[in-house]
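Remarks on the overall topology
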Amino acid sequence: MPSPRSADHPAVPPPQRDTVDALISQTQRLRGGLDAVRRDTVADLGGTDDAQVRWQRALCQLAVHQLDDLDRHLGELREGLLADPPGTNDRTGKGTEADAAETDGGTEADAGVTAEAPAASDATGRGSLLSRVGSAEWNLLSDEVTWSEELCRIFGRDPGDGGLTLDELPSWVFSEDQPILTAMVTDCLVDGKPIDGEFRVVRADEAVRTIHMAGEPVLDTDGSTASMWAVLRDVSELRRSERAVRESRDTLSHQRRIARTERRLAVEVQEAVLPPWRGSLRLPAGDGFPGAGPAADGAALDLAAHYLPSESSAQIGGDWYDALELPDGRTLLSVGGLTGHGVTATCGMAMLLGAVRGMAVAGIEPGPLMGRLNQLLAVSSQPALVGAACGQYDPRTRTLVWAQAGHPAPLLFRDGTGRPLRSPDGVLLGATTGAAYTQSEERLEPGDLLVLHTGRLARDAEDATEQLLALAPRLTAAHGTQECVRTVAETFGDEPRENDACVLIARVTGAGA
């Protein structure tokens, strides 16, 4: 079955901020217009005080609440659009209660009863605002109770059974909400205060509904309270949507905190593992391992490197570059990268780079070294695919012995032109056990420039290679490797990249260089 996000059913794009701003402006204009209608209604009706007037006044107040809720939710949506990192959609909650689609409720874990279920359908239609609003009046003089049909349906009662008295109503209310109802009714009947509050009720079918009650006392001619009148609104779906908004916002905040923590850890691991040198470096340095002799004819390497982040600065990858003087006077050069991002990738990179250095110091040649790295990944608790190139440069013979694992070949620049080195056999590390890795040898000349890169300078590794080769005149004419690195960084700095990238540049020094 095709995915609902297939080409036939494209994913709905997230709302744009301009669209949300326009909706907020419309909502605020409606709110201002409603205030004018409410003032006009009060002025036209004058001192009239009957059920119809109270109903109209309550509906106006209800509409005000709805528009205020809509304005608040749209404002939260706009803030979510501003706060979201690239590629993140904050789809939290729904709009107002009037917009929320009513669905059958499940089990309310904390209440121990059936979760809030939608009110029954009626002539006005399931989900209609009026089907969730009813009125009630309790006459204190005659003990008469008058409930609208809508209110009976909200409570799951047959309109023919009539409404609940003020003595019966608390038995339908959650025990922890009963003091709220009692205080509202007492304040209204004794002190003449208006009613405005919420409580939860459990219907006969064990469905839970959240009710907002707004009312006022109806005074007799002598000023005493004759009855209490109220509008009761089923706000179950609204509160459910608000809970969904809060929960999803909390979840999103938690995920962002985790992402920030993981990114900080990934950066710390990366900075701790990658070579600390800045600017250019000369190897062999002559003061490295004991017993390492000086380079013949001064044919050392002038080195510089650069790390280029991905488009999303939040994604730290497992790419590395490295240069290390070995005990026998040779120089280790390596670049590579793991699949994935975050702490897992950087920790995997740290493990591999440590293994590369250790085996090179132990005198293992690049080809066998790649084979043992592949064996290491085969038994790793966190399997990964790794592309890498590793070379060992001997300054006495000016030869580079190197091997690769599913990785772009180093580029050799000489006399204003560039070419890739002939690649020895080698598949991605971690792709298959028992893979064989051969090695190649290249004799270098003074002034030669080697460029090793992780292939992720551009979206396509072949494009990156072609762009680097096109820089041959500028790179060979540069005064030093640091200038070469700046040239590469300027060329690829604005290039769209899904992953991090590294470039390591080495120039052979000596006579004629």
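Now for a description of the structure that goes with this document. (Residues numbered from 1 in each chain as written. Predicted model: local features only at pLDDT ≥ 70, side-chain atom pairs only at ≥ 80, totals over all residues. Heavy atoms only, no water.)

Considering the sheet that holds strand E16 (residues 440-443)
Quick note on the threshold: Pairing between strands requires that DSSP locate at least two bridges from one strand to the other. A run of DSSP states H or I qualifies as a helix once it reaches four residues; a run of E qualifies as a strand once it reaches two. Both are numbered from the N-terminal end. A fitted line through C-alpha atoms serves as each axis, taken over the contacting stretch for helices, and the angle formed by two N-to-C directions is quoted from 0 to 180°. By definition in these notes, contact holds between two residues if any of their heavy atoms fall within 4.5 Å.
Strand order in the open sheet made by the five strands is E10-E11-E12-E13-E16, with antiparallel pairing throughout. Both outer strands of the open sheet, strand E10 (317-325) and E16, are each paired with one neighbouring strand and no more. For this sheet the average axis-to-axis angle between neighbouring strands, irrespective of direction, equals 15 degrees. Judged from the nine bridges that link them, E10 and strand E11 (residues 331-341) form a sheet pairing that is antiparallel. Residue pairing in the sheet places Gly-318 in a bridge with Leu-338 of E11. Across the sheet, helix H6 (residues 343-361) is in contact with E10, E11 and strand E12 (386-394); its angle to E11 comes to roughly 155 degrees.

Here's the deal with the pairing of strand E9 (residues 301-308)
Here is the key point about a regular strand: its side chains alternate between the two faces of the sheet. Here is the rule: The cut-offs for exposure are 20% and 50% of the maximum accessible area for each residue type, with area from a 1.4 Å probe on protein chains only; residues under the lower value are buried, those over the upper are exposed, and the others partly exposed.
For E9, the tally of buried residues reaches seven of eight residues, placing the bulk of the element in the interior. As defined by bridge partners, strand E8 (residues 281-283) adjoins E9 across three bridges and the pair is classed as antiparallel. Along E9, the bridge assignment pairs Leu-283 with Leu-301. Here E9 runs beside strand E18 (residues 501-508); their pairing, made up of eight bridges, is antiparallel. Within E18, the residue paired with Tyr-307 across the bridge is Cys-502.

Side note on the nonpolar core
Side chains of nonpolar character tend, in soluble globular proteins, to be buried together. What counts is decided by this rule: Put simply, a nonpolar core is a bunch of buried Ala, Val, Leu, Ile, Met, Phe, Trp, Tyr and Cys residues held in one set by side-chain atoms that sit within 4.5 Å of each other.
By size, the foremost hydrophobic cluster in this structure holds 54 residues, and its most contacted members are Trp-320, Met-370, Leu-373 and Leu-429. Here the element with the most residues in this core is H6; it accounts for seven residues. The contact partners of Leu-373, leaving out residues within four places of it in the chain, are Leu-352, Ala-355, Val-356, Met-359 and Leu-429. Ranked by size, the runner-up nonpolar core spans 23 residues in total, among them Leu-151, Cys-152, Leu-164 and Trp-172.

Structural notes on the pattern of salt bridges
Going by this rule: Salt bridges are counted wherever a side-chain nitrogen of Lys or Arg sits within 4 Å of a carboxyl oxygen of Asp or Glu.
Tallying each qualifying case throughout the model produces 16 salt bridges. For Arg-239, the salt bridge goes to Glu-198, with nearest N and O atoms at 2.2 Å. Of this pair, Arg-239 sits in helix H5 (residues 236-273) while Glu-198 is found in strand E5 (residues 195-202), placing the two residues 41 residues apart along the sequence. When its relative accessible area of 25% is taken as the criterion, Glu-198 is described as partly exposed. Ionic pairing is found between Arg-414 and Asp-448, a salt bridge with its closest N-O pair at 2.5 Å.

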